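Residue-level structure breakdown
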Amino acid sequence: MTVQFELRTQVIEPQRKTFQHLVDRYGDRPASRYEEGTIDLQATANYHFRPLWGPELDIYSPDYSLLKLADPYSYVDPRGFYYAPYVTSRADLHESFAATLGYLEKRGLFDRLPEAWRALFAEVVLPVRHYEAAAQMVSSHAARFGWGTTITQCAAYAAFDRIGNAQLLSRAGISFGGGTADSLADAKVRWLEDDALQPLRRLTEETLVERDWGLGMVRLDVTDQVLYQLLYTHLDDAAITGGAGSYSLVSQHLSGWFADQRRWFDALYKAWVADPEHGADNLATLRRTVADALAAADTALRPLAAKADELVGAGCAAALDQAVAATRTHFADLGITTEES
Amino acid sequence: MTLTPDKPKAKARKLSMKERYSALTRDLDWDPSYVPADEMFPYTTFEGIKIHDWSKWEDPFRLTVDAYTKYQAEKDRRLYAVLDGFAQSQGHLSLTDASYLNAMKLFLQGVSPLEYQAHRNFAYLSRHLNGPGPRFASLCQSLDEIRHAQTEIHTLSNYNKYYSGFHSYLHMHDRVWYLSVPKSFFDDALSAGPFEFLIAIGFSFEYLLTNLLFVPFMSGASFNGDLPTMTFGFSAQSDESRHMTLGLEAIKFLLEQDPDNVPIVQHWIDKWFWRGYRVTALVAQMLDYMLPRKVMSWKEAFELYFEQQMLGGLFQDLAYYGIKPPRDVGKAIQEKEHLSHQAYWILYQFSHAAAFTTSVPSDETLDWLEEQYPDTFPTYRALWDKEKKNVANGGRHFVRGLPQLCQVCQIPMGFTEADSPFTICQRSVVFEGERYNFCSDGCQNIFEHEPVKFRQAWLPVHQIYQGNCGGADLGDVMQWYGMQPGDGGEYLGSPDHQNWLRWHAQADHSELGED
């Protein structure tokens, strides 16, 4: 015979399981913290004033983008990120990066990089921190002007991620520069002046002034897909073969982040295409935008790849072709087919 | 092949904390050359604010993404542990009284949606301000604000399971008459330009009035056994102090950039002080009437947090820039012994159309109010004595008609003249053939500066009369509001009250013995 540990508590039957808007949407079941903290949070009606800075539209409006969902909450973040799990996940990411950086510093691994890879890091990779900073701004624009909290919340966290990536690269740069900002200062001049980087900077600036938050995010994402494959997948691999393991140690954190970014963004593409009301229009817009953006990314990254090849001879030109093709295939798998130009 | 390290180079000078922070934030910025700057930053010229040098912005705090996520994750881990423990142990039963939750209903309906709005518009600043320093500070605040919205929802979600009035707070925020007061306040800020928003929310809301708007709810929680809300309040404190320093830096920065900015900023201070002060009417009545266990009176809070700290401190410093105290501050001071009584009297009479309950204050509360307001409360007490008789005769007082609303603050026009506290204050202005009504000179002045903006206001009473709120009778409107039986009206005998009594009677106190 066993004796149970019996803790008596007062049992009180709840009057309701969750908030009414969640019962209306999902039925009478308990809601998750993601749902309670996200669904229907943005106002959709009875705005008091038109913006002084743009009276054509309301404070919030689906018309800030051509890309629309009939019900924005038909989309949910597959990661289920509300603030608490988001910051927890990013605290882990940055802690793990700090451990990498600590190791690289302790073992003097930046100094042990082969000369060509040192140059690649300083002249091609570090300047990309400015691209990441711009990506924050593009994402913040979407966080303000997007329609529906499930989408804008993803964009807001992505914005913080991008400035986080910029800081991650910058911290690597400070470490690489022996604890000084010299290599960052040099990288900034390159971002502003180097021929190999100007097409990317031009594309970045053009993406920043896109007022349509959806198109801005798509253009950014297309460039991201190609750039991340090139810098943090292809060159990561080449670095290991080329005796530049410390480059791989840094880039793993960026490619790891990008896999996470793909999860919410790819789900959004699917939701856009599958939308019962706007799906066909969205698809047409996406096919056009992705095709243009892919061509633009190809053009913009061509000189960067050539410069990388010049420095480390790692077959980046061919890798760029592959990255563009893989991106095209990736979109085709999402139902967004584009003609090869 | 890996090379052996070179001989250690001459030791380079390491970065100072400030330099490092700068390298990780503002140094990421560059001046665009492939697109025009005004296309890159289209919203920062129309307000007339002149900024000559964005680099003069002093970063109000130095927090990088790694440190931010680490601190915040740790704070949330502790907060959610408290929420879970409280829910599991039926902690709501140890509140002072179920009627305390009226304060939290007002908070969830009226304040949490504002946190969310702040989140969205700080995201706007984090894209559209020209300077990388203020952009990054805004980005952090944008994240903090969604944290606050979500942690408040999660904190109060447990009460929603057991009590009325919480269930449709979002739907109500966009529709119900008294909630159009805070909603229109924030819509006003979001529809303004980025600099006005900085002064409206960053400075006025988060600095000037935060101790009157936000803190009373948290203090009320700690005095009334609401451990989750109190824990949330503490957890938000370090975020709030960052927001306060941002607000203060914002105003200093604008004032230092160009003398032409001073009159513009002065007008915004005048406007947003009064806008915010009017919203605090809801807080004033909460402090004096809704908390079963009192923290401090509205008058005391106003004197301490506004007259002493702001007028006696902050505005002395701002005088250096030529900034004067808000235009109508004298009227707010004159009203401090009346505001809460008038506001609660309005809510008491209209609570049948609200998602909180009201009741005649207990004798204990009436005595306390008389101690706090010896000069003015006797008059209000006479009203309550009369109402007690009505209640005893089965005639609890509710106003069946619809009130006239102030065009600007949207509060029913029940406030009195500041210098003649028993005469209802009514102002009006005719603009392009239409008459607009105001509760005060402060609200009238705001309208006269921006009539084209304020005539757009979505006034709940007008909307009902125009047939936009579900129908013509009260029942239709209540349904359109999303009200459920028991949400509003009289507290005594309400479902919350009855449940409270039943749950406490059920509790097994036999171990305590007799008496």
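Scroll up to find the structure.
As a starting point, this report considers the structure included with it. Think of each chain on its own: its residues are numbered from 1, step by step along the sequence as written. Chain A is the first chain written and ligand 1 is the first ligand written, with later ones labelled in order. Given that this is a predicted model, residues contribute local features only at a pLDDT of at least 70 and side-chain atom pairs are listed and counted only at 80 or more, while totals for whole chains, interfaces and linings are drawn from all residues.

Before going further, it helps to spend a moment on the packing of helix H6 (residues 149-176) of chain A against helix H10 (residues 245-274) of chain A. Residue and element names in this part refer to chain A. For the pair H6 and H10, interaxial distance at closest approach is 11 Å and the crossing angle is 170°. Considered as vectors, H6 and H10 are oriented roughly antiparallel to each other. In this structure, H6 crosses over H10, and the sense of that crossing is left-handed. From H6, Ile151, Cys154, Ala158, Asp161, Asn165, Leu168 and Ala172 reach across to H10, where they touch Val250, His253, Leu254, Trp257, Gln261, Trp264 and Leu268. Residue classes follow a fixed rule: Ala, Val, Leu, Ile, Met, Phe, Trp, Tyr, Cys and Pro count as nonpolar, while Asp, Glu, Lys and Arg count as charged, and any other residue, Gly among them, counts as polar. When the residues that make up the contact of H6 with H10 are grouped by side-chain class, the tally is 10 nonpolar, 3 polar and 1 charged. Every axis in this analysis is a line fitted to C-alpha atoms, fitted for helices over the stretch in contact. Angles between the N-to-C directions lie between 0 and 180 degrees. Runs of H or I in DSSP of at least four residues are treated as helices and runs of E of at least two as strands, each being numbered from the N terminus. Should an angle fall under 35 degrees it is taken as roughly parallel, and over 145 as roughly antiparallel, whereas 65 to 115 is taken as roughly perpendicular and any remaining angle as oblique. Rotating anticlockwise by less than a right angle from the far helix to the near helix defines a left-handed crossing, while the corresponding clockwise rotation defines a right-handed one. By definition, residue pairs are in contact when their C-beta atoms, positioned from the backbone, come within 7 Å.

Of the residues lining the interface, 73 residues belong to chain A; the matching set on chain B comes to 77 residues. Contributing elements (two or more residues each) for the side of chain A that touches chain B: helix H1 (20-26), helix H2 (33-36), helix H3 (83-106), helix H5 (128-145), H6, helix H7 (182-193) and helix H8 (198-208) of chain A. With 11 residues, H6 of chain A is the largest single contributor of residues to the side of chain A that touches chain B. Here the side of chain A that touches chain B is composed, by residue class, of 34 nonpolar, 23 polar and 16 charged.

All names here are of chain B. Residue burial is a threshold on neighbouring C-beta atoms within 10 Å of the residue's own C-beta, all placed from the backbone, with 20 or more meaning buried, 12 or fewer meaning exposed, and counts in between meaning partly exposed. Of all the residues in helix H11 (residues 215-223), the buried ones are Pro216, Phe217, Met218, Gly220 and Ala221. Of the surrounding elements, those touching the buried residues of H11 are helix H4 (101-110), helix H10 (210-213), helix H12 (227-257), helix H13 (261-290) and helix H14 (298-318). Positive phi appears at glycine 225, one or two residues downstream of H11, with a value of about 80°.

Next up on the list: the packing of H5 of chain A against helix H5 (residues 112-128) of chain B. At a closest axis distance of 8 Å, the pairing of H5 of chain A and H5 of chain B adopts a crossing angle of 150°. Considering their axes alone, H5 of chain A and H5 of chain B lie roughly antiparallel with respect to each other. In this structure, H5 of chain A meets H5 of chain B at a crossing whose hand is left-handed. Contacts between H5 of chain A and H5 of chain B involve Met137, Ser140, His141, Ala143 and Arg144 of chain A from the first element and Arg120, Asn121, Ala123, Tyr124, Ser126 and Arg127 of chain B from the second. Of the residues belonging to the contact of H5 of chain A with H5 of chain B, the class tally is 4 nonpolar, 4 polar and 3 charged.

The subject of this paragraph is the pairing of strand E5 (residues 434-438) of chain B. All names here are of chain B. DSSP calls a pair of strands paired once it identifies at least 2 bridges connecting them. Pairing between strand E4 (residues 427-431) and E5: 5 bridges, direction antiparallel. Along E5, the bridge assignment pairs arginine 427 with phenylalanine 438. Once E4 ends, the chain turns through 2 residues before running back antiparallel as E5, passing glutamate 432 with a positive phi of about 45°.

Attention shifts here to unusual backbone geometry. All names here are of chain A. Phi angles above zero are rare outside glycine, and aspartate 40 is one such case at about 65°. Among the secondary structure elements, aspartate 40 is positioned in the loop between H2 and H3. One non-glycine residue with positive phi stands out, namely asparagine 46, at about 60°. You can see asparagine 46 is positioned in the loop between H2 and H3. Taking the number of C-beta atoms within 10 Å as the measure of exposure, asparagine 46 has 18 and is therefore partly exposed.

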